[in-house]
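# Coordinate analysis (summary)
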Amino acid sequence: MNLPNYGIQWSNDVRMSKSCSAILSLYSDVQNGYIALECRGIIYKRQCMWGDVTAQSKKLLPLLQELIEEATFDLRQVDSLLVVKGPTSFTTQRVISAIGLSIKLCAPQASSYFPSHFHVLAHSIRGKIEYGQEFLVLIESLKHGFYGVVFRNAQNKPKMISEPLFYNDNTGVEFLRKHSNYAFITDFAHNAYCYNFLVYTKANNRIEQCTDNLAKVQIDLYKCEMDPDDKFDYDDGAPFYLHTPMYEKVKSEPKIF
């Protein structure tokens, strides 16, 4: 079986023993794409930076091809499939979800895990946050606003304690002023509109993103013990948009022959 147009080979050889656990993790945001595979006790990682608007669909599958060739791995043998489900830009989520679904169709036996971008970024800095401390996770939206939520560093993994929302020019300023003393992590690019919101935070409260592959961080998150009070639905793969694109119907003009 082949994935059309992208050249990913689905080997006829069984590369994995059923006694081994193979975890494939897919993660992307508006700036980068990440893939990680843990199998046979080895972790294989790849990442790339996006360029133009079509780069995400053109780059992510070849990146996956490189990784499975290095690992000599058959994607049909995936035991656990991890796919981040948002919030992020519409295009970014559409691409990563489509690839995840394609793999799931070829490996229906694989268990699925769908964390939010919030959870992965929060987990990436948990070692820099004191136990019990609350902090913010702010995510770029490519709109006139950002996605934000409050986390608490709990015993097993950071716990989301506020409603995740899209914040616009008005609500975003209010949210950041209210939490101006909180530590925070963000993926805002310096040239992005949302970067302007950071004037309402304290620069020394910013925790820099980890340099590790975020798909690998997603695997670490997956292995953490579940908090019984964690109500987030990690089993539902529906995109976690928070702010869906708004479209207007195009008015058709009468044709003149």
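Located above this text is the structure these notes cover.
Owing to the predicted nature of the structure, the values given are computational and were not obtained by experimental measurement. (Residues numbered from 1 in each chain as written. Predicted model: local features only at pLDDT ≥ 70, side-chain atom pairs only at ≥ 80, totals over all residues. Heavy atoms only, no water.)

Cis peptide bonds are those with omega within 30 degrees of zero, and the linkage from Gly86 to Pro87 qualifies with 5 degrees. Within the secondary structure, Pro87 is located in the loop between strand E4 (80–83) and helix H2 (90–106). Phi angles above zero are rare outside glycine, and Arg40 is one such case at about 55 degrees. Assignment of secondary structure puts Arg40 in the loop between strand E2 (32–39) and strand E3 (42–49). Using a relative accessible area of 35% as the deciding quantity, one classes Arg40 as partly exposed. Positive phi outside glycine occurs at Thr72, with the angle close to 45 degrees. (Helix = DSSP H or I, 4+ residues; strand = E, 2+ residues; numbered from the N terminus. Buried < 20%, exposed > 50% of the residue type's maximum accessible area, 1.4 Å probe, protein only.)

Time to look at the side chain of Glu38. Position of Glu38 among the secondary structure elements: in strand E2. In terms of polar contacts, Glu38 uses its side chain to reach the side chain of Lys223, at 2.8 Å. (Polar contact = N/O pair within 3.5 Å; in protein donor to acceptor, adjacent residues only side chain to side chain.)

Okay, the packing of aromatic side chains next. In total, this model carries 14 aromatic pairs according to the counting rule given. Seen in terms of ring centroids, Phe146 and Phe197 are 5.0 Å apart; in terms of plane orientation they differ by 70 degrees. Their pairing is edge-to-face. Placement of Phe146 in strand E7 (residues 146–153) and of Phe197 in the loop between strand E10 (183–186) and helix H5 (214–223) is noted, with a sequence separation of 51 residues between them. Residues Phe146 and Phe197 agree in their burial class; the two are buried. An aromatic cluster is defined as three or more aromatic residues linked by ring pairs; in this entry it consists of Phe146, Tyr167, Phe175, Phe188, Tyr193 and Phe197. (Phe/Tyr/Trp six-rings, centres within 6.5 Å; stacked < 30°, edge-to-face > 60°.)

Attention now goes to the nonpolar core. Ranked by size, the top nonpolar core spans 32 residues in total, and within it Tyr27, Phe118, Leu121, Phe135, Val137, Phe151 and Leu214 carry the most contacts. Those elements that provide at least two residues to this core are strand E1 (23–28), E2, helix H3 (117–124), strand E6 (134–140), E7, E10 and H5. With 5 residues, the top contributor of residues to this core is H5. Setting aside residues no more than four positions away along its own chain, Phe151 makes contact with Phe118, His119, Ala122, Gln133, Glu134, Phe135, Val137, Pro158, Lys159, Met160 and Ile161. If you look at the next biggest cluster of nonpolar residues, it comprises 28 residues, including Leu26, Cys39, Phe73 and Leu75. (Core = buried A, V, L, I, M, F, W, Y, C linked by side-chain atoms within 4.5 Å. Contact = heavy atoms within 4.5 Å.)

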